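Chain and residue survey
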Amino acid sequence: MIENGREIDSLLEAISQATLKITQYGDLRETLQRIVDSARELLAAKYAVLATFQQDHVAPNFVFSGIDSETAESIAHPPKGIGLLGALSSERETIRIPQLTEHPKFTGFPAGHPPMNSFLGMPIEQNGEIYGRIYIADKLGGAPFDRTDEQLLRLFAAHAAVAIQNAQLIEANRADRQQLEQRTRQLAALDKATMAISSELTLDKVLQQIVDAARDLVDAQYAALGVPNNQGFLETFIDSGIPEEEGAMIPHLPKGHGLLGVIIKERKTIRIPRISDDPRSVGFPAGHPPMVPFLGVPVMAGGEVVGNLYLTNKMGADEFTQVDQDLVELLAAHAAVAIQNARLYEQVGRLAIVEERTRIGMDLHDGIIQSIFAVGLTLESTKLSLHNNPEDADNLLSHAIEGLNATIRDIRNFILDLRPHRFQGNLEQGLGRLVREFQANTMVAVSLSAQQEALTVLSASVARSLFLTTQEALANIARHARAKQVIISIEQQEKNIVLRISDDGRGFDMASKSYSIGHGLANMLARAKDLNGTFQIDSAPGKGTAIKLEVPIKKEAHS
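To start, this report covers the structure provided alongside it. Keep in mind that what you see is a predicted model, and the values were worked out from it rather than measured. Sequence order sets the numbering: in each chain, residues are counted from 1 along the sequence as written. Only residues with pLDDT of at least 70 are given local features in this predicted model, and only at 80 or more are side-chain atom pairs given and counted; all residues enter the totals for whole chains, interfaces and linings. Just so you know, side-chain values use all the structure's heavy atoms and leave hydrogens and water out.

Comments concerning the pattern of salt bridges
Quick note on the threshold: Here, a salt bridge means any side-chain nitrogen of Lys or Arg that lies within 4 Å of a carboxyl oxygen of Asp or Glu. Working definition: helices are DSSP H or I runs of at least four residues, strands are E runs of at least two. Numbering for both runs from the N terminus. Each residue is assigned to one of three classes by its accessible area relative to the maximum for its type, calculated with a 1.4 Å probe on protein chains only: buried under 20%, partly exposed between the two thresholds, exposed over 50%.
Within this structure, the stated rule accounts for 10 salt bridges. Residue D149 pairs with K139 through a salt bridge whose shortest N-O separation is 3.4 Å. With D149 in helix α5 (residues 147-198) and K139 in strand β5 (residues 129-139), this pair connects stretches of sequence that are 10 residues apart. Accessibility assignment for this pair places D149 and K139 in one class, buried. K548 is the salt-bridge partner of E550, the closest N and O atoms lying 3.7 Å from each other. Judged by relative accessible area, E550 falls into the buried class, the value being 17%. Members of the salt-bridge network, linked through shared partners, are R96, E150 and R154.

What to know about helix α15 (residues 521-530)
We count it as follows: Note that the arc is computed from the directions linking the helix axis to the C-beta atoms.
Residues L521, M524, R527 and A528 constitute the buried set of α15. Seen from one end, α15 has its buried residues packed into an arc of 120°, which puts them on one side. The exposed residues of α15 that point more than 90 degrees off its buried face are K529 and D530. At the C-terminal side of α15, N532 shows a positive phi close to 60°.

Remarks on the sheet that holds strand β2 (residues 62-65)
Remark on secondary structure: sheet strands pair via backbone hydrogen bonds, oriented parallel or antiparallel. Let me state the cut-off plainly: Note on pairing: two strands pair once DSSP finds at least 2 bridges between them. Where helices are involved, their axes are fitted lines through C-alpha atoms of the stretch in contact, as for all axes, and angles between N-to-C directions lie from 0 to 180°. For this analysis, residues touch if any pair of their heavy atoms sits within 4.5 Å.
The strand order β2-β1-β5-β4-β3 describes an open sheet built from 5 strands, whose pairing is antiparallel. Two strands bound the open sheet, and with one partner strand each, they are β2 and β3 (95-97). The sheet shows a mean angle of 15° between the axes of neighbouring strands, direction not considered. Here strand β1 (residues 45-51) pairs with β5 via 6 bridges, running antiparallel. Within β5, the residue paired with A45 across the bridge is K139. Sheet strands touched by helix α2 (residues 28-42): β1, β2 and β5. Its angle to β2, the strand with the most contacts, is close to 40°.

Given below as structure tokens:
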């Protein structure tokens with residue numbers, strides 16, 4: 001009785017240690033290996049194998065214990081789940097036999113497989129779900145496996161099923177977390193890409209930003225953006241990822257045939273694993289780099305195809321995924337808006353040039369040309385008075401000279417207005433340059449004062465607005481004020497920067513509804529609003545003009 005009690009205690013201790021080992025945290029492969037090692041140790045066997053074969057719940061696995069790696073490599077192939085093992089797989093039964101080779105369903109071992117005699121095998125299952133099959137062979141000491149061994153293994157297999165299930169859940173959770181992190185990174189990349197393309201207004205730069213962003217977004221080796229014309233052929237083609245020397249080897253750009261033409265005509269996304277296998281492909285010209293997987297997405301705006309995105313050669317994968325397609329389609333929607341905005345911006349720029357040319361033509365006709373015509377009339381009168389009344393002729397010549405000098409001054413003012421400076425970032429230098437050129441062209445005295453401490457706290461956006469406002473104000477003074485003196489000051493008042501510009505010119509009627517257009521003051525007001533500031537103007541006929549721009553200080557962010 002004491003011996004039986006000790007034997008039961010020993011068995012309980014063994015099964016307890018075995019189950020504790022397999023419940024330790026680890027991935028699925030580690031868990032399977034611990035199960036097969038613990039089972040072999042628990043039943044004092046020479047060999048143990050755990051097989052999952054092809055199932056819905058567990059990926060195919062074949063894990064062994066007791067066979068060294070050199071022997072394992074010499075085995076022709078792992079078990080395929082036929083013969084005796086097939087009976088275990090299909091019938092869910094436990095098989096315990098003293099001699100493996102004598103079983104009627106035994107079909108032999110593959111070449112290189114070590115000989116095995118006694119055998120015990122059963123499914124690892126939980127709630128009717130099979131997670132694998134465990135096979136134990138060659139009990140140490142040469143005795144066959146008995147009923148106690150079978151009961152121990154069945155108890156152990158129940159714990160093993162729970163361990164496998166837990167490992168699966170952990171791996172699924174890890175995979176879900178990795179997928180969520182990847183999705184978060186992709187959405188962040190998409191947000192960064194859309195911000196980049198929306199920050200540009202020049203069409204060529206917008207197109208390049210789009211194609212670069214698309215390539216980075218889905219880790220493509222090559223990307224391109226084609227813009228079709230009214231006939232459905234590509235008139236613009238911008239690429240990304242092809243080195244310049246390789247691009248020079250390609251004899252011509254794509255014309256919109258093959259797969260590219262299908263996207264233009266059908267206006268649908270195409271995603272294929274191999275370009276060469278698709279019957280719609282027409283191949284590549286000589287010198288073209290090899291391309292295998294393909295993702296093509298139309299860029300649609302209001303039912304119109306404004307471009308097509310093409311991506312090839314997914315980095316680190318054989319083909320593009322549905323997630324890649326979804327991301328590029330989202331980017332294409334933003335790209336369509338960016339392309340339309342860039343086109344509208346260019347149209348507005350062209351209209352502004354036309355309007356400016358019309359205004360200049362009217363000003364030249366109404367001002368300078370008429371002044372020259374008046375000088376011509378004066379010179380004709382001088383010619384008539386030259387012999388009969390030299391004194392009148394002398395006065396007329398003086399008037400003509402004054403008229404020509406006034407005309408020269410007007411022409412200089414036009415040159416000043418047509419050749420604005422670009423802001424280079426240093427407000428003090430920029431204002432100094434504006435003042436020097438203004439004085440050289442108008443012969444008007446300018447007083448410029450700026451607090452140094454005020455200049456040092458300005459952000460780039462505030463400094464640029466102060467520069468542009470001063471530039472426009474001086475241009476207006478040169479063209480309209482007929483001033484003799486201009487005063488410009490910049491100072492800091494608490495948390496605001498204040499720009500004041502005043503002149504002693506002829507001023508204008510504040511009640512006039514057209515002054516804001518003719519004098520460019522609408523632009524100054526818009527800049528103030530953009531910076532959450534205020535803009536004031538004070539003027540009257542014969543009393544000059546004074547403007548005041550007050551904006552809050554915006555300090556630059558430093559990383």
